[in-house]
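So the chains spell out like this:
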Amino acid sequence: MERPGRLLLQSELRVRNAAYDVSLSRSLLTWKRRAASPVYHPFRPSVCHSVPVSEIISVREEEEENGSRQRDDGSWKKIREREGKDCRQAFTVLYVERCQQHRWRCAEVTFTCSDETVCQHWVSSIREQLASNTSRPKHLLVYINPYGGKHQGKRIYEQKVAPLFTQAGISTSVIVTEYANHARDHLKMEAELKKFDGVVCVGGDGMFSEIIHGLIWRTQIDCGVDPNSPEEALSPCSLRIGIIPAGSTDCICFATVGTNDPVTSALHIIVGDSQPLDVCSVHHNNMFLRYSVSLLGYGFYGDVLSDSERKRWMGPARYDFSGVKMFLTHHYYEGTVSYLPARGIIGTPRDATRCRSGCVICQHNGQLNSERSEKYEMDEASDSVSIHPWLFCSPESSGEWRTIRGKFLAINAASMSCACPRSPKGLSPAAHLADGTTDLILVRKCSRFNFLRHLLRHTSKDDQFDLTFVEVHRVRRFRFMPRHCQSDSDLELDLHENSKRQIFSQICKDHPACGCAPAYSSWNCDGEILTHTAIDVRVHCQLIKLFARGIEELPVFEDLTNPCAI
Ligand SMILES: CCCCCCCCCCCCC/C=C/[C@@H](O)[C@H](CO)NC(=O)CCCCCCCCCCCCCCC
Ligand SMILES: Nc1ncnc2c1ncn2[C@@H]1O[C@H](COP(=O)(O)OP(=O)(O)OP(=O)(O)O)[C@@H](O)[C@H]1O
Ligand SMILES: [Ca+2]
C-alpha cells in the first residue's frame, strides 16, 4: 500500500453514528475512529480503514428529502434515523474490497457531516482525484457471446457488470454476437476503435481469442505491418482488453486475475488495471494460421478438444468426458520438435517462484541475466538433443536450435501458467504472462499409469515435470513436424540414427495400418483446432494488454506502510 503523502482534505465526519477522522491524500482515503479505546479489544470492529484512491470505484452524494435521502441514481435510502439528528449531509464512497480466493467486491461507506459545503468539498475532491487517473477507461466496446459456457453471458453482463460500469461512469457500446467470428470481423473491419479506451469480451477463451485476432490484425494493418509474415515484428495493440468470464475453461481470466468471477473482472476494468501478455503466432509453411496466448497442445489436449467439439451440447462437462475417453484411448504420435531456447533470461520452468502481480521478470521482458539462468542454459546444453541442419535458417538463430525426435503422448506449449479451476496451478505453474517465452512441455510415450501420475500432479503440489518421460524447455520459438510429413531424407536420417532392425520392427508395431495408433493428432490452439499439424510458432513479447494486474500475492504480514498500522 502507498504512503499517504500530503493531505488534500481532513475533516471530522460520522460513519454509522460514530465520529471519525477522515483524510484524503492523492493516494489514500483513510477513516479512523475518534477517541477509540487505546486498549486492544478483540471483538471491537476495526477502527481504522484505508483505501487506495486508485481502488475507489465512485463517490455519490446522498440528497436529503423528507427525512430520507435520495441517491444520485434515484434510489431511496432511509438513513436519517441511523445517523445523528445533526447530520444532514451525506456522501457514499464505493471501493474495492478483497475477499477470498482473489475475488474483489464493491464495498461502500457512507460519511455524514453537518455542513453542506464540507460534504460537497469532499465529493468534488474525490471526483477530481478519480478524474485525474488517466488509466481508467471511460468508453468501452463490449462483445457478448450469448452461447459461451452455460449460455449465461448476457445475463451475467446485464445483472453483474453493467450496473457497476454505470456506477463508475463508464459508457458502453454493447454488441451481442450473432454468429461465430462476428466480434473478430467487426473489430477487423468495422469498429471505430478511436472512440474507445478498451474492448471487453463476455465469454470464454474462444471468445477472447476472437477479440485478439480482430485487434492484432487491425493494429498491424493500421501500422503498415504484414500480419501474415512469420518474420515480422508485430506492433503492440494499444487498446486494453477486459475479460468477463462466461466460458467453459476461462483459463486466460483465471491465470491473469486468479479467479473466474465476473464482478472481480469488472472491477479490474473500472480501476484501469493493465497487464501485458505474450502472444504466439502460429504459421504453416509461411502461412499465418492463428495466435495463441495460453495452450498450444498436440496429442492429448488436441484429441480432447477434437472429441469434445462434437459434444458441445454437454456444456463445460464435455472436456472431462473427452479427457477420460482420450486418457483411456492412450494414443501417441511421432514427430520432430525443434526449438530455440530462451537465452539470457532469469527464470526457468522448474522455478518455485510464480508470476504474480508486479512480476519483476515480466517488467524486464524476461531479459534479466543471472547465474541461475546461465546454469539452466548449461544444463539445457547438456541435454541429449541433436541439432538439425535445416533449422539453421532463421534470422533469430544467433542461439542454436535444438531438435528432438520421438513418440509423444502430448506436446504442449504454455505461454502462461494456464491455471484454471481444473488445475489451479496450471500446465506450467512457473510460466510468465509477459516474459516473451513459452514453456514447451514434452510428454513422451509412457504407460497409462505413468501418464495418470503426470496428469494427477496438475492437481496437487507435486511437480508434474519431475518424471523421466516429461521434459520442459523455456523457448522463444519452436517448430513441429509430424512424422508422416517428414521428407524422405529426414526419414532416412532416422534410419541412420537407429539400427535398421530396430526401425523396421518399430514401424511394423506402430504403423497406422496395424490399427494400433493414428498417424497424427491435431493442435489445440487456445481451444480451437488448427487445420495443419506442421507448425512454426514464435512468441511476441507483450503484444497485447489486459485490464488485469496478474494474480495478487496473498498478504502474509500486516502492511507496515498502512497509515492505520503506524
Ligand atoms: C485425474 C485428474 C487429472 C486432471 C488433470 C487436469 C489437467 C487439466 C489441465 C487443463 C489445462 C487447460 C489449459 C487451457 C486451455 C484452453 O486454452 C482451452 C480453451 O478454453 N481449453 C481447453 O482446451 C480445454 C482443455 C480441457 C482439458 C481437460 C482435461 C481433463 C483430463 C481428465 C483426465 C482424466 C483421467 C482419468 C483417468 C481415470
Ligand atoms: N453468437 C454466436 N453464435 C455461435 N458461436 C459464437 C457466437 N459468438 C461467439 N461464438 C463462438 O463460440 C465459441 C465458444 O465461445 P466461448 O469461448 O465464449 O465459450 P466456451 O467455448 O464455452 O468457453 P472456453 O473457450 O472458455 O472453453 C467461440 O469460439 C466463439 O467464436
Ligand atoms: Ca510467457
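Residues numbered from 1 in each chain as written. Chains lettered and ligands numbered in written order. Predicted model: local features only at pLDDT ≥ 70, side-chain atom pairs only at ≥ 80, totals over all residues. Heavy atoms only, no water.

**Some details on the packing of aromatic side chains**
- Tallied over the entire structure, the rule returns 15 aromatic pairs.
- Residues Tyr157 and Phe165 carry aromatic rings whose centres are separated by 6.3 Å and whose planes lie at 65° to one another, so their mutual orientation is edge-to-face. For the pair formed by Tyr157 and Phe165, the shared burial category is buried.
- Between Tyr298 and Phe480 the ring centres are 4.6 Å apart and the planes differ by 50°, which places this aromatic pair in the tilted class. Note that Tyr298 is positioned in strand β16 (residues 295-299) and Phe480 in strand β20 (residues 470-482), a separation of 182 residues in sequence. The same class applies to Tyr298 and to Phe480, which are both buried.
- An aromatic cluster of at least three residues, connected via ring pairs, comprises Trp31, Phe91, Tyr95, Phe111 and Trp122.
- Above the ring of Trp217, the side-chain terminus of Lys188 is found at 4.5 Å from the ring centroid. (Phe/Tyr/Trp six-rings, centres within 6.5 Å; stacked < 30°, edge-to-face > 60°. Buried < 20%, exposed > 50% of the residue type's maximum accessible area, 1.4 Å probe, protein only. Helix = DSSP H or I, 4+ residues; strand = E, 2+ residues; numbered from the N terminus. Lys NZ or Arg CZ within 6 Å of the ring centre and 35° of its normal.)

**Focus: the site of ligand 2**
- Among the 23 residues in the neighbourhood of ligand 2, the closest are listed as Gly149, Thr177, Gly204, Glu210 and Ser248.
- With respect to ligand 2, the backbone of Gly149 contributes an N or O atom lying 2.7 Å from an oxygen atom.
- One of the backbone N or O atoms of Gly206 is found 2.8 Å from an oxygen atom in ligand 2.
- For ligand 2, the protein covers 87% of the area, taking 630 Å² as the surface of the free molecule.
- Within the residue set of the shell around ligand 2, elements represented by two or more residues are α4 (205-223) and α8 (317-329).
- The element that contributes the greatest number of residues to the shell around ligand 2 is α4, accounting for four residues.
- Taken together, the residues of the shell around ligand 2 sort by class into six nonpolar, ten polar and seven charged.
- Viewed by domain, the shell around ligand 2 spans two of them, domain 2 (135-273) and domain 3 (292-539), each represented by three or more residues. (Near = heavy atom within 4 Å. Polar contact = N/O pair within 3.5 Å; in protein donor to acceptor, adjacent residues only side chain to side chain. Areas by Shrake-Rupley, 256 points an atom, 1.4 Å probe, with all protein chains shown as cover. Nonpolar A, V, L, I, M, F, W, Y, C, P; charged D, E, K, R; others polar. Domains from an automatic or database assignment.)

**Digging into the pattern of salt bridges**
- Enumeration according to the criterion identifies 29 salt bridges in this entry.
- Residues Glu192 and Lys195 are paired through a salt bridge, measuring 3.7 Å at the closest nitrogen-oxygen approach.
- Each member of the salt-bridge network shares a partner with another, and the members are Glu55, Arg98, Asp273, Arg549 and Glu552. (Salt bridge = Lys/Arg side-chain N within 4 Å of Asp/Glu carboxyl O.)

**Some words on the domain arrangement of the protein chain**
- Here the protein chain is partitioned into domain 1 (7-133), domain 2 (135-273) and domain 3 (292-539).
- The partner domain 3 presents 19 residues to the 18 residues of domain 2 that form the contact.
- When domain 2 packs against domain 3, close to 1,500 Å² is buried across both sides, 62% of that on carbon and sulfur atoms.
- In terms of surface lost to domain 3, no three residues of domain 2 exceed Glu231, Ser248 and Phe254, which account for 31% of the buried area on that side. (Contact = heavy atoms within 4.5 Å. Buried area = accessible area lost by both parts, 1.4 Å probe.)

**Describing the site of ligand 1**
- With respect to spatial proximity, 19 residues lie near ligand 1, and among them Asp205, Thr249, Ser294, Asn524 and Asp526 are the closest.
- At 2.7 Å, a side-chain N or O of Asp205 approaches an oxygen atom of ligand 1.
- The side chain of Ser294 places a nitrogen or oxygen atom 3.0 Å from an oxygen atom of ligand 1.
- Alone, ligand 1 offers 850 Å² of accessible surface; in the complex the protein occludes 85% of this.
- When residues of the shell around ligand 1 are traced back to their parent elements, those giving at least two are α8 and α11 (448-456).
- Per-class residue counts for the shell around ligand 1 are ten nonpolar, six polar and three charged.
- Built from parts of two domains, the shell around ligand 1 gets at least three residues from each of domain 2 (135-273) and domain 3 (292-539).

**Focus: helix α6 (residues 262-270)**
- By the criterion of burial, α6 is predominantly enclosed, with nine of the nine residues buried.
- Restricting attention to buried positions, one finds in α6 the residues Pro262, Val263, Thr264, Ser265, Ala266, Leu267, His268, Ile269 and Ile270.
- Just downstream of α6, Gly272 is the residue with a positive phi angle, here 75°.

**Quick word on the packing of helix α2 (residues 153-167) against α6**
- Look at α2 against α6: their axes get within 10 Å of each other, and the N-to-C directions meet at 30°. Classified by the interaxial angle, the pair formed by α2 and α6 is roughly parallel. Pair α2 / α6 crosses with right-handed handedness. From α2, Ile156, Lys160, Val161, Leu164 and Phe165 reach across to α6, where they touch Pro262, Val263, Ala266, Leu267, Ile269 and Ile270.
- Grouping the amino acids of the contact of α2 with α6 by side-chain chemistry returns ten nonpolar, no polar and one charged. (Axes fitted to C-alpha atoms, helices over the stretch in contact; angles between N-to-C directions. Parallel < 35°, antiparallel > 145°, perpendicular 65-115°, else oblique. Left-handed = near helix turned anticlockwise from the far one by under 90°.)

**Considerations on the UniProt feature "domain: DAGKc" (unreviewed entry) in the protein chain**
- Mapped onto this numbering, the UniProt entry gives "domain: DAGKc" (unreviewed entry) at residues 135-286.
- Here residues 135-286 is 39% helix and 22% strand, with 38 Å between the C-alpha atoms at its ends. (UniProt positions renumbered as here; feature names shortened; annotations may be inferred.)

**Details of unusual backbone geometry**
- Located in the positive-phi region is Asn286, a residue other than glycine, with phi close to 65°.
- Inspection of the secondary structure puts Asn286 in the loop between β14 (275-284) and β15 (287-292).
- When its relative accessible area of 58% is taken as the criterion, Asn286 is described as exposed.
- Positive phi, close to 55°, is recorded for Gln542, a residue that is not glycine.

**What to know about the state of the cysteines**
- Applying the stated rule across the entire model yields zero disulfides.
- Looking at Cys99, it has no disulfide partner, and the nearest cysteine sulfur is the one in Cys106, 11 Å off.
- Take Cys99: its relative accessible area is 37%, and that puts it in the partly exposed class.
- For Cys223, which is in no disulfide, the shortest distance to another cysteine sulfur is to Cys237 and amounts to 8.5 Å.
- Using a relative accessible area of 45% as the deciding quantity, one classes Cys223 as partly exposed. (Disulfide = S-S within 2.5 Å.)

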